[in-house]
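The primary structure of each chain is shown beneath.
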Amino acid sequence: MVGGAKGRRHPAGMADQPGNREESPITCKPYDIPKALVWEAWLHVKANRGAAGIDAETIERFEEKLGDNLYKVWNRMSSGSYFLSAVKAVPIPRKSGGVRILGIPTVADRVAQTAVKMWLEPRLEPIFRDDSYGYRPGKSALAAITVTRRRCWAHDWVVEFDIRGLFDNLDHGFLMKALRKHCQEPWILLYVERWLKAPMQTTDGQILERYKGTPQGGVISPLLANLFLAFGYARYADDAVLHCKNQRQAENVLETVRERFQACKLELHPGKTRIVYCKDVNRNGDHPDIQFTFLSYTFRRRKAVDKYGRVYENFSPAVSRDALKAMRQTIRGWHLQLMSDKSLADLSAMFGPALRGWQQCYGRFYGSGLKPVWRSMNQFLIRWLTRKHKRLAGHKTRAAEMLGRLADGQPDAFIRWSLGFVS
């Protein structure tokens, strides 16, 4: 067994030192799982934080007896006696209404799952197509938007589709068949199959057996979903677009995809699946659907300016209305206008990172689409000034002028101020 990761020190219970309680380096364990793998898995789990599972054990409590806890995980995994606890069901509201259920494993189970993922992921990555962007190293939603924009310029038609309840409905038999095709490591196959069947405990303590699906919230679930869907189109998890040259091809492609998913015991979401015409200055046909939303970007006909300053229309992405609404609701929820005891520097430290994150996510394409967000932030800052300075009470115009002076003097306080956007 490997004693530790290079440059990192193991807790005492995990070290391969003479005289400790574990077996000698020559063991009788049926599975040769390096201790370094479990240790690295713990570092990932700790960095990712996350809530406690059904045992209510937090990251901090797990770390209090880290050596013992990691030894137990490694020992049980190596001996084949590791069984996943029930996952904790946590309902999360959906933007479109209703709820989705996250399945939160215990900290120990997250360590075990992360160890499996770290071993398995580099072996599965070569079989995944370049057009799979979700939950993969070196891939991102922005990369998916970039390639989708380029293909919309080259193709007139798009098939937009979403898989209904992907994580909840993955067929265990099909999934294990796909895994066995690409992985013959016995301990990986053993634990993935056990984890797929692990029950879920609801908020009222009810234990639900599971015969299909892999819990959203499980460390290894996204990797397994990518394996199940390892065929090509621009896709991020269960959200995907296919590009076609003409309407007839799009109709045939949609029917083929629908049949293929039905054969895999999955269903396309009827409200999120349709054929879209990429209408712009050069494409003047008629069709009921001339826009679609992918990864919180809405693609539709928009004004653009070419290198000669000429205005024209092309089919391009910009932040979606739903994403704008969510960001503005977040700003409203900060109640920053009530923080009259805070300085501008305080507000910048508190809220600046979120604003910069939004700019990075949604400002890459058609950045002017974010103006409603920046305008909302500035309006709340104006209200903050009227409460902070009595002489500005009831004088929003004067407060707005003062905000402009603050922006000129401290342009780095908030993203977009440095670009002169204050209104």
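Here the structure is a predicted model, which is why all the values come from computation and not from measurement.

Participant: For this particular structure, what's the right way to read the overall build of the protein chain?
Facilitator: Counting its secondary structure elements, the protein chain contains 14 helices and 11 strands. If one aligns the C-alpha atoms of the protein chain with their principal axes, the spans along those axes are about 75 × 65 × 45 Å. Among the 423 residues that make up the protein chain, the fraction classed as buried is 48%. Pairs at least 24 apart in sequence give 69% of the contacts found in the protein chain among residues at least 6 apart. Element-wise, carbon and sulfur atoms account for 49% of the exposed surface of the protein chain, whose accessible area totals about 21,800 Å². With 67 positive and 42 negative side-chain charges, the protein chain shows a separation of 6 Å between the mean positions of the two kinds.

Participant: I tried to follow unusual backbone geometry on my own but got confused; where do I start?
Facilitator: A negative phi holds for most residues other than glycine; trans holds for most peptide bonds. One non-glycine residue, Tyr135, adopts positive backbone phi at about 60°. Mapping Tyr135 onto the fold places it in the loop between α4 (107-124) and α5 (141-154). Unusually for a residue other than glycine, Ser296 sits at a positive phi of about 65°. Looking at where Ser296 falls in the secondary structure, it is placed in the loop between β9 (292-294) and β10 (297-305).

Participant: Could you clarify how one ought to interpret empty space enclosed by the protein in this entry?
Facilitator: Left-over empty space is what a probe sized like a water molecule reveals as it rolls over the atoms. If you walk through the whole model with that rule in mind, you get 2 cavities of 30 Å³ or more. In this structure, the largest cavity spans a volume of roughly 80 Å³. Listed by contribution, the elements that provide at least two residues to the lining of the largest cavity are α8 (186-196) and α9 (221-228). In terms of residues, the lining of the largest cavity owes the most to one element, α8, which gives 3 residues. Of the residues belonging to the lining of the largest cavity, the class tally is 9 nonpolar, 4 polar and no charged.

Participant: Looking at this structure, how should I read the sheet that holds β10?
Facilitator: In a beta sheet, neighbouring strands are held together by backbone hydrogen bonds and run either parallel or antiparallel to one another. Within the open sheet, the 3 strands sit side by side as β9-β10-β11. Their pairing is antiparallel. Only two strands of the sheet have a single neighbouring strand rather than two, namely β9 and β11 (311-319). Taking each pair of neighbouring strands and ignoring which way they run, the sheet shows an average axis angle of 50°. In terms of strand pairing, β10 meets β11 through 9 bridges, oriented antiparallel. Following the sheet pairing, Thr298 is matched in β11 by Ala318.

Participant: Can you walk me through the side chain of Gln113 in this structure?
Facilitator: Position of Gln113 among the secondary structure elements: in helix α4. Contact partners of Gln113, with chain neighbours within four places excluded, come to Leu84, Pro105, Trp195, Gly218, Val219 and Ile220.

Participant: Help me out: how do you make sense of the packing of helix α12 (residues 344-362) against helix α13 (residues 371-388) in this one?
Facilitator: Between two packed helices, the angle of one axis relative to the other and the distance separating the axes together describe the packing. Two numbers describe how α12 lies on α13: the axes approach to 12 Å, and their chain directions differ by 170°. Judged by the angle between their axes, α12 and α13 are roughly antiparallel. Contacts between α12 and α13 involve Leu344, Leu347, Phe351, Leu355, Trp358 and Gln359 from the first element and Val373, Trp374, Met377, Leu381 and Trp384 from the second. Across the contact of α12 with α13, the residue classes tally to 10 nonpolar, 1 polar and no charged.

Participant: Before we go on, may I ask you to explain the pairing of strand β1 (residues 87-93) in this structure?
Facilitator: Put simply, side chains in a regular strand alternate between the two faces of the sheet. Here β1 pairs with strand β4 (residues 200-201) via 2 bridges, running parallel. Bridging from a neighbouring strand, Lys88 pairs with Gln201 of β4. Note that β1 and strand β2 (residues 99-104) share 6 bridges and pair antiparallel. Counterpart to Val90 in the pairing with β2 is Leu102.

Participant: Looking at this structure, how should I read the pattern of salt bridges?
Facilitator: Side chains carrying opposite charge are able to pair once their charged atoms draw close together. What the rule picks out here adds up to 16 salt bridges. In this structure, the salt-bridge partner of Arg151 is Asp131, at a minimum N-O distance of 3.1 Å. Of this pair, Arg151 sits in helix α5 while Asp131 sits in the loop between α4 and α5, and the two are 20 residues apart along the sequence. Overlapping salt bridges bring together Asp156, Asp280 and Arg283 as one network.

About the thresholds
- Each residue is numbered by its place in its chain's sequence as written, counting from 1.
- Reporting of local features is limited, given that this is a predicted model, to residues whose pLDDT is at least 70; pairs of side-chain atoms are given and counted only at 80 or more, and all residues count toward the totals for whole chains, interfaces and linings.
- Working from all heavy atoms in the structure, the side-chain values ignore hydrogens and water.
- The secondary structure listing takes helices from DSSP runs of H or I that are at least 4 residues long and strands from runs of E that are at least 2 residues long, numbered from the N terminus.
- When accessible area is computed with a 1.4 Å probe and restricted to protein chains, residues below 20% of their type maximum are described as buried, those above 50% as exposed, and intermediate ones as partly exposed.
- Only heavy atoms matter for contacts: two residues are in contact if any of them lie within 4.5 Å across the pair.
- To measure how exposed things are, a 1.4 Å probe is used in the Shrake-Rupley method; for residues, cover is taken only from the protein chains shown.
- All tallies of charge rest on Lys and Arg as positive and Asp and Glu as negative; His and the ends of each chain are not included.
- The atoms used to mark charge sites are NZ of Lys, CZ of Arg, CG of Asp and CD of Glu.
- Using only the protein atoms, space was sampled on a 1 Å grid; points where a 1.4 Å probe fits but cannot get out form cavities, open sets with protein on both sides within 12 Å along at least five of seven lines form pockets, and lining residues are those with an atom within 4 Å of a point.
- Grid points are joined across faces, edges and corners, and a volume is the space filled by probe spheres set on the points.
- For this classification, the nonpolar set comprises Ala, Val, Leu, Ile, Met, Phe, Trp, Tyr, Cys and Pro, the charged set comprises Asp, Glu, Lys and Arg, and every other residue, Gly included, is treated as polar.
- Paired strands, in this sense, are two strands between which DSSP finds at least two bridges.
- Throughout, an axis means a line fitted to C-alpha atoms (over the contacting stretch in the case of helices), and angles, computed between N-to-C directions, take values from 0 to 180 degrees.
- Should an angle fall under 35 degrees it is taken as roughly parallel, and over 145 as roughly antiparallel, whereas 65 to 115 is taken as roughly perpendicular and any remaining angle as oblique.
- The salt bridge definition used is simple: a Lys or Arg side-chain nitrogen within 4 Å of an Asp or Glu carboxyl oxygen.

The quantities given are spatial measurements derived from coordinates; they are silent on function.
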